[in-house]
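# Per-entry structural report
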There are 4 protein chains.
Amino acid sequence: MIKVGIIGSTGYAGQELVRLLIQHPEAEIVWYGSRSYIDKPYADVFQNMFRIVDDVCMDDNMEALANEVDVIFTATPQGLCASLVNEEILSKVKLIDLSADFRIKDVGVYEKWYGIEHKSPSYIEEAVYGLCEINREDIRGARLIANPGCYTTCSILTIYPLVKEGLIDPNTIIIDAKSGTSGAGRGAKTANLYCEVNENIKAYGVASHRHTPEIEEQLGYAAGYPIVVSFTPHLVPMNRGILATAYASLKENVTDADVRAAYEKYYGSEKFIRILKPGVCPETRWVEGSNYVDINYKIDPRTNRVIMMGAIDNLVKGAAGQAVQNMNLIFGLEESTGLDLVPMFP
Amino acid sequence: MIKVGIIGSTGYAGQELVRLLIQHPEAEIVWYGSRSYIDKPYADVFQNMFRIVDDVCMDDNMEALANEVDVIFTATPQGLCASLVNEEILSKVKLIDLSADFRIKDVGVYEKWYGIEHKSPSYIEEAVYGLCEINREDIRGARLIANPGCYTTCSILTIYPLVKEGLIDPNTIIIDAKSGTSGAGRGAKTANLYCEVNENIKAYGVASHRHTPEIEEQLGYAAGYPIVVSFTPHLVPMNRGILATAYASLKENVTDADVRAAYEKYYGSEKFIRILKPGVCPETRWVEGSNYVDINYKIDPRTNRVIMMGAIDNLVKGAAGQAVQNMNLIFGLEESTGLDLVPMFP
Amino acid sequence: MIKVGIIGSTGYAGQELVRLLIQHPEAEIVWYGSRSYIDKPYADVFQNMFRIVDDVCMDDNMEALANEVDVIFTATPQGLCASLVNEEILSKVKLIDLSADFRIKDVGVYEKWYGIEHKSPSYIEEAVYGLCEINREDIRGARLIANPGCYTTCSILTIYPLVKEGLIDPNTIIIDAKSGTSGAGRGAKTANLYCEVNENIKAYGVASHRHTPEIEEQLGYAAGYPIVVSFTPHLVPMNRGILATAYASLKENVTDADVRAAYEKYYGSEKFIRILKPGVCPETRWVEGSNYVDINYKIDPRTNRVIMMGAIDNLVKGAAGQAVQNMNLIFGLEESTGLDLVPMFP
Amino acid sequence: MIKVGIIGSTGYAGQELVRLLIQHPEAEIVWYGSRSYIDKPYADVFQNMFRIVDDVCMDDNMEALANEVDVIFTATPQGLCASLVNEEILSKVKLIDLSADFRIKDVGVYEKWYGIEHKSPSYIEEAVYGLCEINREDIRGARLIANPGCYTTCSILTIYPLVKEGLIDPNTIIIDAKSGTSGAGRGAKTANLYCEVNENIKAYGVASHRHTPEIEEQLGYAAGYPIVVSFTPHLVPMNRGILATAYASLKENVTDADVRAAYEKYYGSEKFIRILKPGVCPETRWVEGSNYVDINYKIDPRTNRVIMMGAIDNLVKGAAGQAVQNMNLIFGLEESTGLDLVPMFP
């Protein structure tokens, strides 16, 4: 059994990690970290876990934790993981960071978009960007995983094959993304109250959202050169789910068959990526509770653009599920172990 | 492997059966019955099942089906199961009926409340009421299971120990129940459109809902004499979940300890019934997607009433989960096989 | 024009007062009080008011305010109004308090249920309970109005005629109430976040909610003797609306005609109370945005109980609308002035 | 008083027309047309209108209706208005058509996108596109108004000034629009059931939605030459509201000040268009129930694109409110008569 510690287990992503890991046949959670709820029974915070989890919440002591577990997940705000990590810890345990601290290779870009100083820049180079379908081989040998962001997972996977194959002009990419409200976290903010979110849709972080450089970096690797994209997130009155609607201009003479072939080439044998039948649009409800990414596209001959669409559950493939997928890869397990979750509808 | 056929697999309860059974280690669905979608791929109806279920929908031929499977689930409107069942079928397969056809022992009561003629009254006597925590032993040997209704499962389990132990006056029972909208089915009715249900709460079927006699019959067995109750269902703008808030007058000198002891006596070792800590109210979100029943109560010394509260997922413990639990019992499996579902939140 | 000051204008009830009063032909808001947002433009807090309200938020100085306005509305947490009121203020302005401070005549009951000391008990006797349909005459001459609570308005109006006419046994009354989430206020609490409230229903404050003694006091006046009731509130995932489902045992030989006659006697000529056609259940959506109370009942001959149902918009008839109705009465205006709001659906 | 007849008064747009017109000081509804509910009391269909509207539903006889009213609103599926209109009718009454029949000047484009034959092409030329802020003068003298679509109203108004002033390249316009579910109508379709829409977001009609040519035609007039745009609608789990997020490449050297000046030039004195403060994103909740259009933009210097955002209530400015605005213009009333609706929140 892999012994697991979670720092930040009482946020939405942390709790989803718990849900997945207690159903994982090869893992065992031994540390429920939560600075806000130290000594409180975990199931008092999340009543769904009553009679399932008996543990109490522990503090954030990563050094102590490193002696007790095989892998640490940090599901905490940006900055925390970078402030705690050190060589001794990395020599003892694997670290899968769900925050943004190690996702961006250029520390200057990180510091500019996140507005904070990076406390451990020396580990950025080593960290592997844990987008399993693309970086699978590097992940297997990693000590430190930068688990991708929710919007970025959905956006990159939706667009990647067309950039990689050179079918679209990457600098025409516009991503209009829509997220359920669990993506906003469990902090007590007026803006996230039920009556403020319900019966509303809004854009936010327009031309300034922090997931933008992460998308650009990864798609830039696929393109082979730096690119810039437009990325606009929106808040949707639902609990879970991200839908990315992405637009790009097709290169000359690209056909529908070319586009489908590109998706098939990269994802045809991927378990968690479902390329839908022609004409079927991804919907977040069909992936809810699961690790699937549903993807499809439509070519508009009038504008010569392709509209690419992808849907994920932001808490699973966009956070906890992908983190477990990374853990499975690192520890040499079948990649889908504990992730055979059938989407729950309605 | 138990071979399973489902008649009515494209309603909400039928689809939930599919979700549970494809994750069940000892069962295999070989017949996806759906009169409305014959020959259509099942995953075209429920896109969540894409690449998980490859079968096409079949018709409702119970006789043909009886030759191919070990157990048939009927998740169809009342009247259908009773019109199809016969001795030959029951000699070949087990039958778990999710409709109301065999729940009520007095055929006159059934015909009065449901307003239809019962086509197979001769099987009513044999049918076992499949409320597992109460009728476990009878279920094991049954050929024909009447799977309880969603409201009734929640209401009966919430109240049962106090009636059984004689702590309350059964004729003072008032059940005010609230259900998510999946309980209204997948039929295309104006009243169930998004904009009609959203931002609204209403009572319906006041003093006339068909689950009333079912509750009365079962609680009457517990009391040892016939009883009448008030039962009022309400429609809540959410997908899943039933909350029953039940009121009754305590018999003289009944203490809080007596009430808790009664719950512990009947449910203390039940896997799927969670008696919550004192002061914690059941909430539907904490059981969503799972087979749990969360129960608690509060005594009001000012009125000498006890307020009993129970929460279930109407599609799991209130329908498909309980049906699988019944199947497990009939086939001698561990009762919780395939039902170790951790509630999903948020 | 009646000059109006609002203390607590940036809560949900306060903002609803603003919405109603800026559409009121005889009133003018001159003071938007909000301790939390002093000097901030009101329309920056509530963007719906952009280009409609140009004022900035002011502090809570009731003494200063008393010199500038004809009427003060306090839409603040309990305790504040009682701590600010004094004879000089009441000699200058009318005061309509939307909090609970002056609703309960017995200060001991208030202090017990609210757990705070009452700072101005000497004004309790004078205060008039502002349930317009019942206390209309007393309201006209009042200086200090205790605007009723949201649950209480709905509960009392739903039950009152049957108690007043002696058709039910008041001590058998059980009120199961359901409220939209705006009733929980605009404070930043984890429990009221979108993802915590959405897809859930729960009871809270069981056998201990503060609106209980208020209901008991008012219905006790109608009965002519003290009564106790069971009252259980529930939180519903919707913005607005309260539905009260109330149960009581009918006195001997009471007929359906008697019950209907009682409702007609008290409400037949009331503009804001709509007694629905037989068989039609009140639904919160049909009163949303308006000052209406929709009421109906069903007699259950099997249990000899009557099920009474009432629906209001908690922010209008349950708070701001009723407050304006009280203002109209005090200032000798047509009672419905500014309240001819057609319910908005969907 | 303007006598009004409504054909199609029991759809969502029709009912909203009723809500607005019964609060309109200069209009009186004398014909509630509804083929589905002939002879049924209107308030039995929409219970919010109980005791407000006493009329029963009438059939769709436009010829009879033309003799009784001054203006007819048709809130019916495409094709119906075109099949009923004739010269005699237009000689007697004004006709405001909320369907698409007369919005598109090129009948071939209409027939191609809508897939039906146009029954009255001879009136297309005469019909005035009723987007009040842009075509105000033509509307005043019109007999036949083509009331704009909901998505188109929002999209065109959001983008118009920048096209008109030549600040953006119109052929780079990408509109990603999100609509509440009332836009899908009141027909009983499985896809619009509560449980199908709730907790989900999806695109639909990708590269094929019928509002596309309407947007292109109107923005083409502004540009002075034909253009093509990408338009993708999405269905959001909320009752009301449309948000359009539109992207376009700025022409060289266009500054933020240029963009703001363009908006101010066209909308600075428009009552119903609110250009928000810099940095504030439009949200549908802030216009709910009102005729407002909230608009803002953000320039992204990294991509040299402008992101334009607009929010409306689809049933008001996107349908019934704009229809009333057109009626006011035609009959020489103050344009905002009956439309001074303060947005309702929450």
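Residues numbered from 1 in each chain as written. Chains lettered and ligands numbered in written order. Predicted model: local features only at pLDDT ≥ 70, side-chain atom pairs only at ≥ 80, totals over all residues. Heavy atoms only, no water.

All names here are of chain C. Sheet architecture is open: seven strands sit in the order 8-9-7-10-13-12-11, paired in mixed fashion. The open sheet has two free edges, formed respectively by strand 8 (202-203) and strand 11 (273-275), since each of these has just one partner strand. Bridge count for strand 12 (residues 293-300) against strand 13 (residues 305-312) is eight bridges, and the pairing is antiparallel. Within strand 13, the position partnered with D294 by the bridge is A311. (Pairing = 2+ DSSP bridges. Helix = DSSP H or I, 4+ residues; strand = E, 2+ residues; numbered from the N terminus.)

Moving on: the packing of aromatic side chains. The full count for this structure, using the stated rule, is 46 aromatic pairs over all chains. Relative to F231 of chain A, the ring of Y151 of chain A lies with its centre 5.3 Å away and its plane at 75 degrees, an arrangement referred to as edge-to-face. Linking Y151 of chain A in helix 8 (residues 150-164) with F231 of chain A in strand 9 (residues 230-235), this pair joins segments that are 80 residues apart in sequence. Of the two residues, Y151 of chain A and F231 of chain A, both sit in the buried class. Taking 6.2 Å as the distance between ring centres and 70 degrees as the angle between the ring planes, the aromatic pair formed by F272 of chain C and Y292 of chain C counts as edge-to-face. (Phe/Tyr/Trp six-rings, centres within 6.5 Å; stacked < 30°, edge-to-face > 60°. Buried < 20%, exposed > 50% of the residue type's maximum accessible area, 1.4 Å probe, protein only.)

This part covers the relation of the copies chain A and chain D. For the pair of chain copies, the relating operation is a rotation around an axis with a shift along it. With an RMSD of 0.0 Å, the operation that places chain A on chain D is a rotation of 180 degrees combined with a shift of 0.0 Å along the axis. What we have between these two chains is a two-fold relation. In this assembly, 100% of the residues forming the interface of chain A have copies in chain D that are likewise at the interface, indicating an isologous arrangement. (Least-squares fit on C-alpha atoms with pLDDT ≥ 70 in both. Contact = heavy atoms within 4.5 Å.)

It takes a turn of 180 degrees to lay chain B on chain D, together with a shift of 0.0 Å along the axis; the resulting RMSD is 0.0 Å. When you check the interface residues of chain B against chain D, 100% turn up at the interface there too, and the contact is symmetric in its surfaces.

The next point concerns the nonpolar core. In terms of nonpolar packing, the biggest core is built from 101 residues, with L21, F73 and M327 of chain B together with L21, F73 and M327 of chain D touching the most fellow members. With near-sequence residues (within four places) excluded, F73 of chain D lies in contact with V4, G5, I6, I7, L17, L21, I96, L98, A323, V324 and M327 of chain D. Listed in part, the 100 residues of the second largest apolar core include I29, F50 and V316 of chain A together with I330 of chain C. (Core = buried A, V, L, I, M, F, W, Y, C linked by side-chain atoms within 4.5 Å.)

Our focus in this paragraph is the interface of chain A and chain D. Facing 48 residues of chain A, the contacting portion of chain D comprises 48 residues. Across the chain A/chain D interface, buried area totals approximately 4,100 Å², and carbon plus sulfur atoms make up 54% of it. Together, E199, I201 and R302 of chain A form the three largest contributors to the area buried by chain A at its contact with chain D, with a combined 17%. For the interface between chain A and chain D, the tally reads six salt bridges. Between R302 of chain D and E216 of chain A there is a salt bridge, and its shortest N-O distance comes to 2.4 Å. In this structure, the connection of chain A to chain D is made through 30 residue pairs in polar contact (both at pLDDT 80 or more). Put simply, the parts of the chain that give the side of chain A that touches chain D at least two residues each are strand 7 (174-179), helix 9 (194-197), strand 8 (202-203), helix 10 (211-223), strand 9, strand 10 (242-249), strand 12 (293-300) and strand 13 (305-312) of chain A. Counting residues per element, the side of chain A that touches chain D draws most heavily on strand 7 of chain A, which supplies four residues. In terms of residue class, the side of chain A that touches chain D is made up of 22 nonpolar, twelve polar and 14 charged. (Buried area = accessible area lost by both parts, 1.4 Å probe. Salt bridge = Lys/Arg side-chain N within 4 Å of Asp/Glu carboxyl O. Polar contact = N/O pair within 3.5 Å; in protein donor to acceptor, adjacent residues only side chain to side chain. Nonpolar A, V, L, I, M, F, W, Y, C, P; charged D, E, K, R; others polar.)

This brings us to the environment of D340 of chain D. Its location among the elements puts D340 of chain D in the segment after helix 12 (316-330). By relative accessible area, which is 46% here, D340 of chain D ends up partly exposed. Taking the C-alpha atoms as reference, D340 of chain D lies 19 Å from L276 of chain D; in sequence the two are 64 residues apart. Apart from residues no more than four positions distant in its own chain, D340 of chain D is found in contact with Q23 of chain C together with K271 of chain D. Within the structure, the side chain of D340 of chain D is placed 2.5 Å from the side chain of K271 of chain D, a separation counted as a polar contact.

On to the pairing of strand 3 (residues 71-74) of chain D. Residues and elements named next belong to chain D. A two-sided burial pattern is seen for strand 3, the buried positions comprising V71 and F73 on one face and I72 and T74 on the other. The pairing of strand 1 (residues 2-7) with strand 3 spans four bridges and is parallel. What sits directly across from I7, in strand 3, is T74. Here strand 3 pairs with strand 4 (residues 94-97) via four bridges, running parallel. When the sheet's bridge partners are listed, I72 is paired in strand 4 with L95.

Attention now moves to the pairing of strand 4 (residues 94-97) of chain B. By the bridge criterion, three bridges tie strand 4 of chain B to strand 6 (residues 144-146) of chain B in an arrangement that is parallel. For I96 of chain B, the partnering residue across the bridge sits in strand 6 of chain B and is I145 of chain B.

Moving on: unusual backbone geometry. Cis geometry marks the peptide bond from F345 of chain B to P346 of chain B; its omega dihedral reads -5 degrees. In this structure, A207 of chain C takes a positive phi of about 60 degrees despite not being glycine.

Turning next to the sheet that holds strand 2 (residues 27-33) of chain A. Backbone-to-backbone hydrogen bonds join strands into a sheet, with any given pair of strands oriented parallel or antiparallel. Strands sit in the order 2-1-3-4-6-5 (chain A) across an open sheet of six strands; the sheet is parallel. Looking at which strands have only one partner, the edges of the open sheet turn out to be strand 2 and strand 5 (128-129) of chain A.

All right, on to the packing of helix 8 of chain A against helix 11 (residues 256-267) of chain A then. Residues and elements named next belong to chain A. Close contact between helix 8 and helix 11 brings their axes to 9 Å; oriented N to C, the two are set at 110 degrees. Put simply, helix 8 runs roughly perpendicular to helix 11. Every pair of crossing elements has a handedness; the one defined by helix 8 and helix 11 is right-handed. Touching I156, L157, T158, Y160, P161, L162 and K164 of helix 8 are V259, A262, Y263, Y266 and Y267, all from helix 11. Considered class by class, the residues forming the contact of helix 8 with helix 11 number ten nonpolar, one polar and one charged. (Axes fitted to C-alpha atoms, helices over the stretch in contact; angles between N-to-C directions. Parallel < 35°, antiparallel > 145°, perpendicular 65-115°, else oblique. Left-handed = near helix turned anticlockwise from the far one by under 90°.)

Contacts between the two partners involve 19 residues from chain B and, on the opposite side, 19 residues from chain D. Roughly 1,700 Å² is buried in total at the junction of chain B and chain D, and carbon and sulfur atoms are behind 56% of that figure. Salt-bridge contacts for E196 of chain B lead to R186 of chain D; the nearest nitrogen and oxygen are separated by 2.8 Å. Connecting chain B to chain D are twelve residue pairs in polar contact (both at pLDDT 80 or more). In terms of residue count, helix 9 (residues 194-197) of chain B provides more of the side of chain B that touches chain D than any other element does, four residues in total. Residue composition of the side of chain B that touches chain D, by class: eight nonpolar, seven polar and four charged.

Worth remembering: the numbers are spatial, not functional.
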